[in-house]
There are 6 protein chains.
Amino acid sequence: MFYHDRKLQYTVRVDTPNPLFAKMLQQAIGGVEGEIRVMLQYLFQAWGSRGPTKYRDMLLETGTEEIGHIEMLSTAVALNLEGAPVELKDEAAKNPLVAAVLGGMNPRHFLSTGHAALPEDANGTPFDASHVYASGNLAADMYANVAAEATGRVLATRLWEMTDDPGMKDMLSFLIARDTMHQNQWLAVIEEMGGLAKVHPIPNSFPQTEENQKFSYAFMSTLRTPEPAPEARWTSGPSLDGKGEFSYVSMSPAGDEPNLGAPDPRGHAQMDQMTDPPGL
Amino acid sequence: MFYHDRKLQYTVRVDTPNPLFAKMLQQAIGGVEGEIRVMLQYLFQAWGSRGPTKYRDMLLETGTEEIGHIEMLSTAVALNLEGAPVELKDEAAKNPLVAAVLGGMNPRHFLSTGHAALPEDANGTPFDASHVYASGNLAADMYANVAAEATGRVLATRLWEMTDDPGMKDMLSFLIARDTMHQNQWLAVIEEMGGLAKVHPIPNSFPQTEENQKFSYAFMSTLRTPEPAPEARWTSGPSLDGKGEFSYVSMSPAGDEPNLGAPDPRGHAQMDQMTDPPGL
Amino acid sequence: MFYHDRKLQYTVRVDTPNPLFAKMLQQAIGGVEGEIRVMLQYLFQAWGSRGPTKYRDMLLETGTEEIGHIEMLSTAVALNLEGAPVELKDEAAKNPLVAAVLGGMNPRHFLSTGHAALPEDANGTPFDASHVYASGNLAADMYANVAAEATGRVLATRLWEMTDDPGMKDMLSFLIARDTMHQNQWLAVIEEMGGLAKVHPIPNSFPQTEENQKFSYAFMSTLRTPEPAPEARWTSGPSLDGKGEFSYVSMSPAGDEPNLGAPDPRGHAQMDQMTDPPGL
Amino acid sequence: MFYHDRKLQYTVRVDTPNPLFAKMLQQAIGGVEGEIRVMLQYLFQAWGSRGPTKYRDMLLETGTEEIGHIEMLSTAVALNLEGAPVELKDEAAKNPLVAAVLGGMNPRHFLSTGHAALPEDANGTPFDASHVYASGNLAADMYANVAAEATGRVLATRLWEMTDDPGMKDMLSFLIARDTMHQNQWLAVIEEMGGLAKVHPIPNSFPQTEENQKFSYAFMSTLRTPEPAPEARWTSGPSLDGKGEFSYVSMSPAGDEPNLGAPDPRGHAQMDQMTDPPGL
Amino acid sequence: MFYHDRKLQYTVRVDTPNPLFAKMLQQAIGGVEGEIRVMLQYLFQAWGSRGPTKYRDMLLETGTEEIGHIEMLSTAVALNLEGAPVELKDEAAKNPLVAAVLGGMNPRHFLSTGHAALPEDANGTPFDASHVYASGNLAADMYANVAAEATGRVLATRLWEMTDDPGMKDMLSFLIARDTMHQNQWLAVIEEMGGLAKVHPIPNSFPQTEENQKFSYAFMSTLRTPEPAPEARWTSGPSLDGKGEFSYVSMSPAGDEPNLGAPDPRGHAQMDQMTDPPGL
Amino acid sequence: MFYHDRKLQYTVRVDTPNPLFAKMLQQAIGGVEGEIRVMLQYLFQAWGSRGPTKYRDMLLETGTEEIGHIEMLSTAVALNLEGAPVELKDEAAKNPLVAAVLGGMNPRHFLSTGHAALPEDANGTPFDASHVYASGNLAADMYANVAAEATGRVLATRLWEMTDDPGMKDMLSFLIARDTMHQNQWLAVIEEMGGLAKVHPIPNSFPQTEENQKFSYAFMSTLRTPEPAPEARWTSGPSLDGKGEFSYVSMSPAGDEPNLGAPDPRGHAQMDQMTDPPGL
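Remember, predicted model here, so these are calculated numbers, not experimental data.

A. Inspection of the pairing of strand 2 (residues 218-221) of chain A at higher detail. Residues and elements named next belong to chain A. Burial along strand 2 is one-sided: F219 and S221 are buried, while A218 and M220, pointing the other way, are not. Both strand 2 and strand 3 (residues 247-250) contribute to a ladder of 4 bridges, which runs parallel. Bridged to F219 within strand 3 is Y248.

As structure tokens, this is what we get:
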């Protein structure tokens, strides 16, 4: 279960409110690289955790931290909206800068919230929980987490570039640091589980004898006109999981043309489809 | 640009059609772990690729291969739907097995397609392209790709467990093998870029001096009642990127209580909110 | 069944077309506070109505009225788009005001409709019918309706503040009035059913003896560091439904740590999860 | 900021696992009446709160409590999935009961999570944050909250009816009690703000002189063939906000037929539309 | 504006309620081939209509009719849910037929509506208004309408095949007839505008001299290994719009390899991408 | 299966990068009128094709061509983003033109991709695969395809009007030409199947004797106040399918008021609904 403190995890200060930056910050709240996603992702991974409890414990910690990040960013959005123009009136239209802000800000920051954050991205697309990855396989989840923190840190550095507000830069310098830690933390789990050669291929509990091993380490080229293998780490040499040797092949079909049966009359295809089925 | 061959990349054979398995296979087509996602993800990464062309070339190859995987799975769905019952009539209702199939199969496999595949998951949720990650940062994208192939291979092994149809098991043994290769392939890119210590923190082009380094390698515990650090790879020792030392701290607020201004009168909050703002 | 008149329920006049205001008006058409939502909500409540027919009759009336509101707003959007600039050309770019409009208007107002309304919100998010609440419980539905009309009227007053176009202000003064009525109308149903003390807790057909009454009227504080109860209507005194007395307690766990079983081997977790399950 | 305890807010015990009930419970996690929605709704209302801090404080408390409810329900889902059948094989198909479970359970409970909860509803539709209402108007938000807790309690009582598992009934008796409290709590805010006559029409900060008062308290009938006013609380007598008197009128158009201009040639309508515009 | 009658457009009678058929009928309400879509589509086309008013008038008529179709189908859903089993209890589990219905019915038909219809499809995916096509080009819209009525009639005939309930078959025989009319009606508009040769290519107001006419009537084959043109209406002979002659060509690239610039440093790609850009 | 060439199908050249035009182009990539939709639509139609193989072969060709169109447009987006401003800083704010671009461009073109395309529309709504129509009925699908190419060509001509960049106009002149061909191609299939009179009503495999023929060719007017039939192709004369004669009737209800049963007590409606059901 969960508790709270009324204070923020880290200072949020806006020196010069900017409604356009408020719109940009939404990507870090409700975007696919954002904090609602990682909050729910780590918590759902914890709540479905099976196996050693140390992993569950850790996921619960970081999932809880992320709630506070949404809080910080939502506060930052609200502060950036202080004093935002709201009037599409003639006099406003005469000031192109105001017009630009009015055209550019998220309309729902005024219309739907009266100057507060929304659980949506920078384009106003609501967060959708299909982005929460919690597969039941710990290693697969760790890579999903590294990916989330990597795209999250890229996003935060881009936001950092967009602003010269000292308060906002300070807040972002904190969030960027946390992303550094979280990348390292999920990688640490992979190392704790034995590193690449032990962890891969994920899931490592499926017997590789049951996969069609002829295709397990072959780079298959789809070039219409075959070319020799390029020199690259992924076309020759040992595989990263240490269980095979990379090769390079030009693809050609191993299967036949598919041949579906005639349509079921109750499905009411057109007569043309039923009177002349394939193979007749 | 793209070309095709009418034949399939690998044989698709269904020995005993099973409409419930057709529903399950949809997860591998239009699910978040599925093939439409990786197809679009690799292609959009290629089409937006900036930097050395060898990465673009490789992404284009594997993105193109994935189109053929959707084709194989769609064919498998259609073949599993051959002869599916469609009548919710009295005599059908008397056969509980038929009733179970009718209740359990994807209704749109008959109603919307007349016995063919859909670009949606096993619950009938349409694929939504917000799952396509192409961040412009090659390392972040590679982790998103490893995550996609890891959850994809987990899914494929679960589908393999659900069926004893020899044709379907053979097709899945091929797809599982390709997922093995693709996991290795994306990891190979990370190695080619220098491995963890060179690649992390992602993005490695942001100067770490600008992040708040006090928090870059600290595991922050949110436990209400603090506990000593557990022994784990992520609480002490060198960080995985080799640029710091893990530590463990119990969280406490570094910020204040947020204090938003009074509501803008034009936003029409309730009078109670405007007559007694915070701080008065 | 339904009929129509070619005339509008109320005058729609635009004195000075403004493509940015057209974008804003979309929130009242396809936003979560908008008219498509209430139209479908009232009609679906009517169509699923069980119990006294007077409620069904009333819902059908107001649901039908709302179709005409969508019509009015769609007309207003089209009229605001008359003469909108469409050219992102060099000469246009030289006029910052035109550029602001081009950057700020809904691109689909030209690209997808050729200057007409869309069933989407001010950010271009399409209306999604999951917002239609029709629970089968009349009291629950009435509160959903009051909430819809309350957020709807807030939205309409904000739109009223954004414009000084006399025609648009007149149309909004009508819609704001209808929202006043509709708020009152749904509250009247609650009174007709006996008011708070008879209606709550919703559903009032579930025997309260079956709920865990220790927790039915307790405000549970999640503050990490407990504080004394604040003076407020919700921490002491009789509950609003007259069936209990408010109290204030600091939360602590009544349950244990959850303990899920080991993973099913067929679900292919990682080996680490299976060899060291919790409790071993 | 936020903290956690590893224990649950209330006991979660499943005596007889039932994968179909696991599917049903998802509605209380990720459905529109569910806990993710209220958690985010109360927290976003708190984070955007402007005006007296006592409301913000209260919202933060209950929002934090709701995180623990998602945790309880997710645990209940995982426990109901213990030992679920996963094989669509011939021998399974011979047991119609197993087939019914396989057809009826949420496929992603095995395929995507390996027997754990998902942030989606009982039909597998992912939670979508457009359902988070935080309007900036406290009264409007309170009604949205009452509506959420009313539909939430209706849902919980229906789940209670579906099961005879003593553990599940006990957990639901707790959640039903909390919904009772939360309905009362949000109603208490409305009372604290002065009750219906002071709070309505929402927003009460918009001058009613600016609305078209001819239509503010009129029930407008859309019946094709007008009928006399039915006897009902909403057709005569004082309005609930005490600011008007209900009346009953048969609707007729107050506006004209809309007349949009000819299409902009650059929008490429068909020639027929351009050569014969209305009014010519 | 709109009016209603309390009676239905056509009789809705269910002789033997069937909750599984209720689920299937949802596709005709909220599916992409369903009635909410055509209702909104025809009304939005009408409300944005520019050009001769006769088209607007007609669209308004049929859009209004469709509201009544949703009403009929929603009534049919509710009637099919009468007496539906709701208990997942031990005794129910012993009756496989009941279990099949419980597993197969739409859970929200009980949990969310208490036995009434929802604005969603047969898989529980909510209707999403992005399916409303109203392009501002009358001919394009007519084809969208024919497509909607064609898939709608296919759907209705499939539903007709699934049931032997005389009441349901009668209702469907009416809806199928209306789909026949509506297909003809939209085709009649195309004829009224002059038929294929006058209407195409859509939009017919764009000067064909501005398109790259070398490619306007060429079937471009993407076969990896070119084959001679198959005999078909689309590879030779006059085009359907009478403005060209079909030809058949094997595709080859007319463009170059794309060459994007180096990444913007502020976008924080990886260092590897920036130190070795293409072309160096 | 599929192959690729690294070169583009047609030249993509941007003479003057324009980030606002990049946003507009997104509609042609991920909009409902865009290329991802037709690519998936034609391929899924091919993969589910039953009946003569010549149709499958053709669909596969054009579906494959469309992949290359997405590639071209994605390249065009990336090239239009070269040199886009990213800084919301004081000095930028002083240049209204830059501010307009910053407010108007798609924020995710920088934040999420670092200057590359996204699989979403011009408003940032991600592509959603529910727009893929593949009904199993060839004629219904052909109309869906004509509609897609008609709205697609309308969109392309509007984009053509928005720009005066010679490179972009050249690329669009190619895509517009391909849309011309594809409209003709799908119409050719309808002709090959016998033309309107043979193809309609779709599906032509359902016996018209089973539809309620009284309503098959009647234009039903929903005007509240009946008017004489307007002169139009759809109110009199032979139907387009040649199987009936159009007529014109004013609608009146053929059904009764719906009468749903009392609520199931286990569904927990309010007591008021249960104590006074309809008919008592």
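B. Examining helix 8 (residues 166-192) of chain F more closely. Residue and element names in this part refer to chain F. The terminal C-alpha atoms of helix 8 lie 39 Å apart, and with 27 residues this matches the ideal 39 Å at 1.5 Å per residue to within 8%. Burial analysis of helix 8 places 20 of its 27 residues in the buried class, which makes it a mostly covered element. Count one or two residues on from helix 8 and you reach G194, which has phi positive near 115°.

C. Representation of the interface of chain F and chain C. Contacts between the two partners involve 44 residues from chain F and, on the opposite side, 40 residues from chain C. Considering each element in turn, the side of chain F that touches chain C owes the most residues, 6 residues, to helix 5 (residues 96-104) of chain F.

D. Structural context of the domain arrangement of chain A. Segmentation of chain A into domains returns domain 1 (19-197) and domain 2 (207-253). Computed from C-alpha coordinates alone, the two centres of domain 1 of chain A and domain 2 of chain A are separated by 37 Å.

E. Just the interface of chain B and chain A, in detail. At the interface, 93 residues of chain B touch 93 residues of chain A. Only helix 3 (53-80), helix 7 (138-162), helix 8 (166-192) and strand 2 (218-221) of chain B provide two or more residues apiece to the side of chain B that touches chain A.

F. Geometry of the relation of the copies chain F and chain C. Under the fitted operation, chain F is carried onto chain C by 0.0 Å of movement along the axis and a turn of 120°, and the coordinates agree to an RMSD of 0.0 Å. The superposition of one copy onto the other is thereby described by a three-fold rotation axis. If distances are taken from each C-alpha of chain F to the rotation axis, the shortest is found for A100 of chain F, at 2.8 Å. Interface residue correspondence from chain F to chain C reaches only 16%, placing this contact among heterologous pairings that use different surfaces.

G. Examining the relation of the copies chain B and chain A more closely. Under the fitted operation, chain B is carried onto chain A by 0.0 Å of movement along the axis and a turn of 180°, and the coordinates agree to an RMSD of 0.0 Å. Given the turn and translation reported, the copies of this chain are related as if by a two-fold rotation axis. Interface residue correspondence from chain B to chain A reaches 100%, placing this contact among same-surface, isologous pairings.

H. View of the packing of helix 5 (residues 96-104) of chain A against helix 5 (residues 96-104) of chain C. Look at helix 5 of chain A against helix 5 of chain C: their axes get within 8 Å of each other, and the N-to-C directions meet at 5°. Regarding the angle of helix 5 of chain A to helix 5 of chain C, the classification is roughly parallel. Where helix 5 of chain A approaches helix 5 of chain C, its residues P96, A99, A100, L102, G103 and G104 of chain A are matched on the opposing element by P96, L97, A100, V101, G103 and G104 of chain C. Of the residues assigned to the contact of helix 5 of chain A with helix 5 of chain C, the class counts are 8 nonpolar, 4 polar and no charged.

I. Structural detail: unusual backbone geometry. With an omega dihedral of -5°, the bond running from I202 of chain D to P203 of chain D counts as a cis peptide bond. Tracing the backbone shows P203 of chain D in the loop between helix 9 (196-199) and strand 2 (218-221). Notably, H115 of chain C is not glycine yet its phi reads approximately 80°, a positive angle. By the secondary structure assignment, H115 of chain C is in the loop between helix 6 (108-111) and helix 7 (138-162). Exposure remark for H115 of chain C: the 28 C-beta atoms within 10 Å place this residue in the buried category.

J. View of the confidence of the model for chain A. Residues of chain A with pLDDT of at least 70 account for 96%, and the chain-wide mean is 94. Model confidence for the complex: the whole-complex pTM is 0.97, and ipTM, which rates the interface, is 0.96.

K. Fine view of the packing of helix 3 of chain B against helix 8 of chain B. All names here are of chain B. At a closest axis distance of 12 Å, the pairing of helix 3 and helix 8 adopts a crossing angle of 165°. In terms of their interaxial angle, helix 3 and helix 8 are classed as roughly antiparallel. The handedness of the crossing between helix 3 and helix 8 is left-handed. Here helix 3 contributes Y55, T62, H69, M72 and A76 to the contact with helix 8, which in turn contributes M168, M171, L175, H182 and V189. Across the contact of helix 3 with helix 8, the residue classes break down as 7 nonpolar, 3 polar and no charged.

Calculation notes
Sequence order as written defines residue numbering, which begins from 1 separately in each chain. Chains carry letters and ligands carry numbers; both start at the beginning, A for chains and 1 for ligands, and go up in the order they are written. Since the coordinates come from a predicted model, pLDDT governs what is reported: local features require at least 70, and pairs of side-chain atoms require 80 or more to be given and counted, while whole-chain, interface and lining totals use all residues. Each residue is classed by its C-beta neighbour count within 10 Å, where at least 20 other C-beta atoms makes it buried, 12 or fewer makes it exposed, and intermediate counts make it partly exposed; the C-beta atoms are placed from backbone geometry. Note on conventions: DSSP H or I runs of at least 4 residues are helices, E runs of at least 2 residues are strands, and numbering of each starts at the N terminus. For two strands to be treated as a pair, DSSP must find at least two bridges joining them. One fewer than the residue count of a helix, multiplied by 1.5 Å, yields its expected span. Placing C-beta atoms from the backbone, we regard two residues as in contact once those atoms come within 7 Å. Where each domain begins and ends follows an automated or database-derived domain assignment. A least-squares fit on C-alpha atoms brings the copies together, and the residues used are those whose pLDDT is at least 70 in both copies. Each axis is a line fitted through C-alpha atoms, and for a helix only the stretch in contact is used; angles between axes span 0 to 180 degrees, taken between their N-to-C directions. Any angle between 65 and 115 degrees counts as roughly perpendicular, while under 35 counts as roughly parallel, over 145 as roughly antiparallel, and the rest as oblique. Amino acids are sorted into nonpolar (Ala, Val, Leu, Ile, Met, Phe, Trp, Tyr, Cys and Pro), charged (Asp, Glu, Lys and Arg) and polar (every other residue, Gly among them). pLDDT: the predictor's confidence for each residue, scored from 0 to 100. The sense of a crossing depends on the near helix, which, turned anticlockwise from the far helix by less than a right angle, makes the crossing left-handed and, turned clockwise, makes it right-handed.

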